[in-house]
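# Coordinates in review
Here is how the chains run, residue by residue.
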Number of protein chains: 2
Amino acid sequence: MLRVLQIGLGPLGRMIVEYLHATGIGAVVSAVDSDPSIRGKHLGAIVPNAGPTPPKVVGSLAEVAGEAADVAVVTTSSSLQSCAPTFKDLLERGLPIVSTCEELLFPWLRHRELATELDALARRTGGRLVGTGVNPGFLMDTLPLVATAVCRDVRGVLVERIQDASTRRIPFQRKIGVGLTPDEFASKVAEGTLRHVGLGESLHFVAHYLGLRIDAWSESIEPIVTGIPLVSSLGQVLPGRAAGVRQVASGMREGREVIRMEFAAAIGQPNPHDRVRIDADPPIDLLLRGGVHGDKATTHITVNAIPAIMDAPGGLHTMATIRPVHAVPILRRDGTPEGSRPAMQGAIRG
Amino acid sequence: MLRVLQIGLGPLGRMIVEYLHATGIGAVVSAVDSDPSIRGKHLGAIVPNAGPTPPKVVGSLAEVAGEAADVAVVTTSSSLQSCAPTFKDLLERGLPIVSTCEELLFPWLRHRELATELDALARRTGGRLVGTGVNPGFLMDTLPLVATAVCRDVRGVLVERIQDASTRRIPFQRKIGVGLTPDEFASKVAEGTLRHVGLGESLHFVAHYLGLRIDAWSESIEPIVTGIPLVSSLGQVLPGRAAGVRQVASGMREGREVIRMEFAAAIGQPNPHDRVRIDADPPIDLLLRGGVHGDKATTHITVNAIPAIMDAPGGLHTMATIRPVHAVPILRRDGTPEGSRPAMQGAIRG
């Protein structure tokens, strides 16, 4: 049983704690969140299935400096700058870290110096750090990359993630601007509070590992305006208001678009799906019918990445440098996976 | 530039040599094949693009005992027993090896003792060994496994590979029984010469890494008999004769099918595709429209796996224990990938 240090107990952090305990691979021994309304509470009072001996929530990492842990999970912010002090503290302790910090998926894009610093620190202490999630982290980067395993001469990559936001959490619906007028939408974009973070990171992750040279890139964002009244968790959405958001990132070489990533999420969006097309030999046309539910998927991939980051060497990693992440086996009470015979376990890794 | 030892110069080995040189990641320095008709010939006389200084083909590995190499590629046989002496020789030299030997995808299924022996040898010498290919190696094992990254509670896995064999090589069409009568087909199955090797390996690979316990498994094989005349590279296929083969592997637990893998390849097979369905939370329904061309895909994934096996620690590996394989960047003449800026290369692995 791994001793897990959980930092961040928002909706995502709480779902992660619950799934972690369901898998049987670890137990939260320390929980940190800056929200004063939960500080001092037992984790079990916040998360239904919080393990055998849920700790009290503390307000800062400094308060768990003396606690032993095997791995840390960080679900606090999309911003690498905001997460950096936490990452540095944990790496100083030599810990492996999985984080949903969107910019950590490919931190060299916006924070090259900080990435170099984190990598050097991790190599020195044996700590390991990887950013993951459903998106960025899987659907628009890791999956397209893995799909090229059978390809040569990759000339272009097109990824679409088209979501019906009707079934998503209220914070997600708010984040994508549901119900806003076009002017309100534009103001929120201008102040930086309405944006899916990670499209540029996914684009540069794919470009980097495939060696697709890009000499320019751009990202656009616009509301998806409804023509008919819609029902959302935030109330009725009137015609002329935003049902959600469409963002497109384009990577260009010599005026030609070599990578295109389109993200659309809106109430009542028809034909939700994820699609990856690779212009290569052979070409790849991969479709995930119905798409993949985002909140659940991010919860699961974060926990599922723990065994892979545990096995990685010290350093700043990406989803392309740790072994492939997959659903962790549900463990039996004796600690062995449901499906594997002990003799096989001993013989192979993972 | 990696110095590559190529063992096996059948159609697949030759395509691999060509793709390897096109990528610029390595050059064949030694080539081995037991076929007397090509022994002593220059590799350049057999493969159009065989690199700057193509070696002479030798008949056995013993003849290249003194040659320095960085990595070996083995494309000789589906049988692990047949390949074992070659693997042992190469592992004794401490070499990383990528092989298309189908049974090597998950060798614990049929050769547990030999697998343990190869693993121990590799750990001792620092050698590394992995089995790959399009199938087994990717479509029916690695891809389904990776697709579960966002899942919990995996209850079942269904994989279909439905191929139109019309565009495949003559040896492939012969292998799947094109043109045989049902009796001839049955005889070839009985003598073991007509069978796609690897379905059981794929099934147990998926079961093992997902912890899907199986208490029984079976594999069936039958001809796909045409009702109309068909045209194949082997000549016309008359009604009542085999257009190809259908194989199904089932993994059962307590009488319930938890994994099903269906492989069908036939001349004129309608709606070719690859499909992966995961019964989990969230469910996954992944479709590769049109399917993936097998000969090309195996060629590419074998070479694309070289950087990943180079980076792995000593031991017997699988596609689940080396970092994710993806299309290798085409290198510029100066040795740097087309798309990556040198500063990024220095900072991250892979």
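What counts, and at which threshold
- Residues numbered from 1 in each chain as written.
- Chains lettered and ligands numbered in written order.
- Predicted model: local features only at pLDDT ≥ 70, side-chain atom pairs only at ≥ 80, totals over all residues.
- Heavy atoms only, no water.
- Helix = DSSP H or I, 4+ residues; strand = E, 2+ residues; numbered from the N terminus.
- Rg over C-alpha atoms; globule rule 2.2 N^0.38 Å.
- Buried < 20%, exposed > 50% of the residue type's maximum accessible area, 1.4 Å probe, protein only.
- Contact = heavy atoms within 4.5 Å.
- Areas by Shrake-Rupley, 256 points an atom, 1.4 Å probe, with all protein chains shown as cover.
- Buried area = accessible area lost by both parts, 1.4 Å probe.
- Salt bridge = Lys/Arg side-chain N within 4 Å of Asp/Glu carboxyl O.
- Polar contact = N/O pair within 3.5 Å; in protein donor to acceptor, adjacent residues only side chain to side chain.
- Nonpolar A, V, L, I, M, F, W, Y, C, P; charged D, E, K, R; others polar.
- Pairing = 2+ DSSP bridges.
- Axes fitted to C-alpha atoms, helices over the stretch in contact; angles between N-to-C directions.
- Domains from an automatic or database assignment.
- Expected span 1.5 Å × (residues − 1).

### Side note on the overall build of chain A
When its secondary structure is counted, chain A shows 10 helices and 15 strands. Taken over the C-alpha trace, chain A has a radius of gyration of 21 Å; the compact-globule value for 350 residues is 20 Å, and the two agree within 12%. In terms of overall dimensions, chain A has a C-alpha envelope of 55 × 50 × 40 Å along the principal axes. A burial count over chain A gives 59% of its 350 residues as buried. Counting only contacts in chain A whose residues sit at least 6 apart along the sequence, the fraction spanning at least 24 positions is 72%. Only carbon and sulfur atoms are counted for the fraction: they give 51% of the accessible area of chain A, which is about 12,800 Å².

### Some words on the interface of chain A and chain B
You'll often see interface size given as the accessible area lost when the parts meet. On the side of chain B, 73 residues touch chain A, which itself brings 73 residues to the contact. A combined buried area of about 6,400 Å² lies between chain A and chain B, and 59% of that area is made up of carbon and sulfur atoms. Here chain A is connected to chain B by 6 salt bridges. Salt-bridge contacts for D281(B) lead to K296(A); the nearest nitrogen and oxygen are separated by 2.9 Å. Joining chain A to chain B, the criterion identifies 21 residue pairs in polar contact (both at pLDDT 80 or more). Considering each element in turn, the side of chain A that touches chain B owes the most residues, 6 residues, to strand β14 (residues 284–289) of chain A. For the side of chain A that touches chain B, the class distribution of residues is 39 nonpolar, 16 polar and 18 charged.

### Digging into the sheet that holds strand β1 (residues 2–7) of chain B
Pairing between the strands of a sheet comes from backbone hydrogen bonds, and it takes one of two forms, parallel or antiparallel. Residues and elements named next belong to chain B. Spatially, 7 strands are ordered β3-β2-β1-β4-β5-β6-β15 in an open sheet, and the strand pairing comes out parallel. Whereas interior strands pair on both sides, the edge strands pair on one side only; in this sheet they are β3 (57–58) and β15 (315–316). Relative to strand β5 (residues 96–99), strand β4 (residues 71–74) is paired through 3 bridges, and the arrangement is parallel. Residue V74 lies in a different strand from β5, and its bridge partner there is S99.

### Considerations on the sheet that holds strand β12 (residues 256–266) of chain A
Pairing is mixed across the open sheet formed by 12 strands, whose spatial order is β8(A)-β11(A)-β12(A)-β7(A)-β13(A)-β14(A)-β14(B)-β13(B)-β7(B)-β12(B)-β11(B)-β8(B). What marks the edges here is a single partner per strand, and that holds for β8 (216–225) of chain A together with β8 (216–225) of chain B. Taking the axes of each pair of neighbouring strands and ignoring which way they run, one obtains an average angle of 15 degrees across the sheet. Relative to strand β12 (residues 256–266) of chain B, strand β7 (residues 152–164) of chain B runs parallel, the two being bridged by 8 bridges. Considered in β12(B), the bridge of E160(B) is made with E262(B).

### Concerning the domain arrangement of chain A
Residues and elements named next belong to chain A. For chain A, the assigned domains read domain 1 (2–134 + 297–317) and domain 2 (142–291). On a C-alpha basis, the centroid separation for the pair domain 1 and domain 2 is 27 Å. Every contact between the two is made by 9 residues of domain 1 and, on the other side, 13 residues of domain 2. Across the domain 1/domain 2 interface, buried area totals approximately 1,000 Å², and carbon plus sulfur atoms make up 66% of it. On the domain 1 side of the interface with domain 2, the three residues burying the most area are F106, L109 and R110, jointly 48% of the side's total. There are 1 salt bridge connecting domain 1 and domain 2. Between E201 and R110 there is a salt bridge, and its shortest N-O distance comes to 2.7 Å. Taken together, the connections running from domain 1 to domain 2 amount to 1 residue pair in polar contact (both at pLDDT 80 or more). For the side of domain 1 that touches domain 2, a count of residues per class yields 5 nonpolar, 1 polar and 3 charged.

### Side note on the side chain of H196(A)
Residues and elements named next belong to chain A. Within the fold, H196 resides in the loop between α6 (182–191) and α7 (199–210). By relative accessible area, H196 is classed as buried at 7%. Of note is the side chain of H196, whose polar atom sits 3.4 Å from the side chain of N135. Excluding residues within four positions of it along the chain, H196 makes contact with N135, P136, E219, Q247 and F263.

### Observations concerning α7(A)
Because an α-helix packs 3.6 residues into every turn, residues spaced three or four apart end up facing the same way. Taking 1.5 Å of rise per residue, 12 residues should cover 16 Å, and α7(A) covers 17 Å from first to last C-alpha, within 8% of that figure. Immediately beyond the C-terminal end of α7(A), within one or two residues, lies G211(A), with a positive phi of roughly 65 degrees.

### A short note on the pattern of salt bridges
Using the criterion set out here, one finds 42 salt bridges over all chains in the structure. Note that R260(A) is salt-bridged to E262(A), the shortest N-O span being 4.0 Å. What makes R260(A) partly exposed here is its relative accessible area of 28%. Its relative accessible area of 16% is what places E262(A) among the buried residues. Between R289(A) and D285(B) there is a salt bridge; the shortest N-O distance is 3.6 Å. One end of the pair, R289(A), is in strand β14; the other, D285(B), is in strand β14 (residues 284–289), on a second chain. Note on R289(A): relative accessible area 37%, which makes it partly exposed.

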